[in-house]
Amino acid sequence: MREKILSLLSGQKIDTVPAFSGLIHVTAEGLEREGLKLHEVHHEAGKMARAAASTFKSTGMPSATLPLDLCAPAEALGSELNFYEDGRVQFPQVTKVIFKSTKETTTENTKLTEIQKMGRVGVICEAIRLVKEDIGKHVAISGLIPGPYTLLLYLCNLTNMVMEMKKEPQMVTDALFHLSSFLAEIGKAYREAGADFITIHDMGGSAGFVGPSMYEKFVFPAEKDLIGKLPKPSVLSVCGRMDKVMHLLAQTGADAISVDQTTNIKSAREALGDGMLFGNLDPMETLYRGDKADIAEAVSRAKEAGMDAVWPGCDLVPSTPVQNIRMMAG
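First, a word on what this report is: a plain description of the structure on this page. Remember, it's a predicted structure, so these values are computed and weren't measured experimentally.

Criteria and thresholds
Residues numbered from 1 in each chain as written. Predicted model: local features only at pLDDT ≥ 70, side-chain atom pairs only at ≥ 80, totals over all residues. Heavy atoms only, no water. Buried < 20%, exposed > 50% of the residue type's maximum accessible area, 1.4 Å probe, protein only. Helix = DSSP H or I, 4+ residues; strand = E, 2+ residues; numbered from the N terminus. Pairing = 2+ DSSP bridges. Contact = heavy atoms within 4.5 Å. Core = buried A, V, L, I, M, F, W, Y, C linked by side-chain atoms within 4.5 Å.

Side chains on a regular strand alternate between the two faces of the sheet. Across the 5 residues that make up strand S5 (residues 197-201), a large majority, 5, are buried. Across the two faces of S5 the burial is the same, with Phe197, Thr199 and His201 and Ile198 and Ile200 all buried. By the bridge criterion, 5 bridges tie strand S4 (residues 140-146) to S5 in an arrangement that is parallel. Residue pairing for S5: glycine 143 is matched across the bridge by isoleucine 198.

Across the junction of leucine 66 and proline 67, the peptide omega takes the value 0°, indicating a cis bond. The residue proline 67 is located in the loop between strand S1 (63-66) and helix H4 (72-76) in this model. The linkage connecting glycine 279 with the following residue, asparagine 280, adopts the cis geometry, with an omega of -15°. In this structure, asparagine 280 sits in strand S8 (residues 276-281).

Note on placement: glutamine 261 falls in the loop between strand S7 (256-259) and helix H12 (265-272). Along the sequence, glutamine 261 and valine 26 sit 235 residues apart, while their C-alpha atoms lie 20 Å from each other. With residues near it in sequence (within four places) discarded, glutamine 261 still touches Asn280, Leu281, Asp282 and Pro283.

If you look at the biggest cluster of nonpolar residues, it comprises 110 residues, and the most contacted ones within it are Ile145, Tyr190, Tyr215, Phe278 and Met328. Looking at this core element by element, the count peaks at 11 residues for helix H8 (residues 169-193). Apart from the residues lying within four places of it in its own chain, the contact partners of tyrosine 190 are Pro67, Ala72, Val121, Ile124, Cys125, Ile128, Gly143, Leu144, Ile145, Ala195 and Ile198.

Distances and angles like these do not, on their own, reveal function.
Here you go:
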């Protein structure tokens, strides 16, 4: 299935609709089988690699995603993260923003120097290499990065950022384009380490959250800039209802667009034309809470709607039952 997925991502027609993911899809059950806890897998390449490979080994889903959080770029720029070492099964989150103004993101302390040595980027690259050695013949490996707008949300005071979007929009745009260059370098490092494609998860920049006009003015240009700087192939994943901006997503340059269950698939399919559309299984109600019949129906519905690949609409809930993922993967 790996070769078929890579053929699909390169724009070729294949004889099936594969089920996989470029988003985070580790499970508590898979981690337990490897003797791992979620909070401990983020700092050691070996543990991160075993965690990322655990879903394939426990379910057969032909994919692996690294890193196992979206916050590594923010951490590389100086943010502190909560890794939930108290045992809560949660992905790392930024504890507080480090910039009062978007203008600060373009100062010298965020210039790119030796990307491999910044934060956990080097550890992640080594983990990608280890996954490639372990299961690379069987799975497609996704290198995961946030979109520029999502990264800016991790870095900058939200109230000030919203004010600057109204009063100094060019300054915000400059910050977003600066961050897109930074993220492109991280994406290139992940590809050089062995990732087969890059997934941009711009969950904070969804038109369903910021509104269609703000998406068009700020988020879309930065996404397009980032995708233009990344090696192909890339998948742009967006949560939330994107119906009113699907025509813009079609212009980002991404090789595929992934949407969740809130976007109207018929209109999305029409807006993308020949572009590839991935999605749109509900990770909570279908994959986490659903039974085999629910999942079979959702997969069938996605295929009938014209999905080129069946993906979860967002990151998996870690406590998702592995049997449900097996059902999705077929």
